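# Report on the structure
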Amino acid sequence: QVQLVESGGGLVQPGGSLRLSCAASGSIFVINVMGWYRQAPGKQRELVAAMTSGGNTNYADSVKGRFTISRANAKNTMYLQMNSLKPEDTAVYYCQGQVLVVGGLYANDYWGQGTLVTVSS
């Protein structure tokens, strides 16, 4: 019904940059909030950044000033520009969307399959 697909992960050296993308498709009426989460080995999934359809943003303290979230609402697409990457940023990054489908009454959360980001020299 609704699919979210991430891309852009990979291996990068400390101090480097990566740009993640998330494309949502399906019977989408509107996506209220889109967010990036990450889960490192042995840790709980945590919010990295989120953005409302109106452009309000929220960042985890650990990524403020280094990561930038953006959206192309007309394309149901979201991005995460990650700069000055650190080894502790290594994790699987997940795309999440609060989606109201066509004909639906309530928005539900949908998740992508995740993309691995490894920061290592």
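Predicted, not measured: the structure shown is a model, and the values here were computed from it.

### Describing the overall build of the protein chain
Counting its regular elements, the protein chain contains zero helices and eleven strands. Secondary structure of the protein chain in N-to-C order comes out as β-β-β-β-β-β-β-β-β-β-β. Relative to the 2.2 N^0.38 estimate, which gives 14 Å for 121 residues, the radius of gyration of the protein chain is 14 Å and therefore close to what a compact globule would have. Dimensions of the protein chain, computed from C-alpha atoms along their principal axes, come out at roughly 50 × 25 × 25 Å. Taken over 121 residues, the protein chain has a buried fraction of 41%.

### Thoughts on the packing of aromatic side chains
What the rule picks out here adds up to one aromatic pair. Above the ring of Tyr-79, the side-chain terminus of Arg-19 is found at 4.0 Å from the ring centroid.

### Re the state of the cysteines
In the structure shown here, the tally under the stated rule is one disulfide. Between the sulfur atoms of Cys-22 and its disulfide partner Cys-95 the distance amounts to 1.9 Å. The chirality of the disulfide connecting Cys-22 with Cys-95 is left-handed, given an S-S dihedral of about -65°. Residue Cys-22 is found in strand E3 (residues 18–26), and its partner Cys-95 is found in strand E9 (residues 91–101); the two are separated by 73 residues along the sequence.

### A few points about the pattern of salt bridges
Evaluation of the coordinates by the stated rule reveals four salt bridges. The shortest N-O distance in the salt bridge between Asp-89 and Arg-38 comes to 2.9 Å. Remark: Arg-38 occurs in strand E4 (residues 28–39) and Asp-89 occurs in the loop between strand E8 (77–82) and E9; sequence separation between them is 51 residues. Relative accessible area serves as the criterion here: at 1%, Asp-89 is assigned to the buried category. Judged by its relative accessible area of 5%, Arg-38 falls in the buried class. Overlapping salt bridges, with partners in common, bring together Arg-38, Glu-46, Arg-66 and Asp-89 in one network.

### Quick look at the pairing of E8
Across the six residues of E8, five count as buried, placing the element largely inside the fold. Across six bridges, E3 lies against E8 in antiparallel orientation. Paired with Leu-18 across the bridge in E8 is Met-82. When strand E7 (residues 67–72) meets E8, the two strands line up antiparallel, connected through six bridges. Opposite Phe-67, over in E8, you have Met-82 as the bridge partner. What sits between E7 and E8 in their antiparallel hairpin is a turn of four residues, with Asn-76 showing a positive phi close to 50°.

Parameters at a glance
- Residues numbered from 1 in each chain as written.
- Predicted model: local features only at pLDDT ≥ 70, side-chain atom pairs only at ≥ 80, totals over all residues.
- Heavy atoms only, no water.
- Helix = DSSP H or I, 4+ residues; strand = E, 2+ residues; numbered from the N terminus.
- Rg over C-alpha atoms; globule rule 2.2 N^0.38 Å.
- Buried < 20%, exposed > 50% of the residue type's maximum accessible area, 1.4 Å probe, protein only.
- Phe/Tyr/Trp six-rings, centres within 6.5 Å; stacked < 30°, edge-to-face > 60°.
- Lys NZ or Arg CZ within 6 Å of the ring centre and 35° of its normal.
- Disulfide = S-S within 2.5 Å.
- Salt bridge = Lys/Arg side-chain N within 4 Å of Asp/Glu carboxyl O.
- Pairing = 2+ DSSP bridges.

In short, the description is geometric, and any link to function would need to be established separately.
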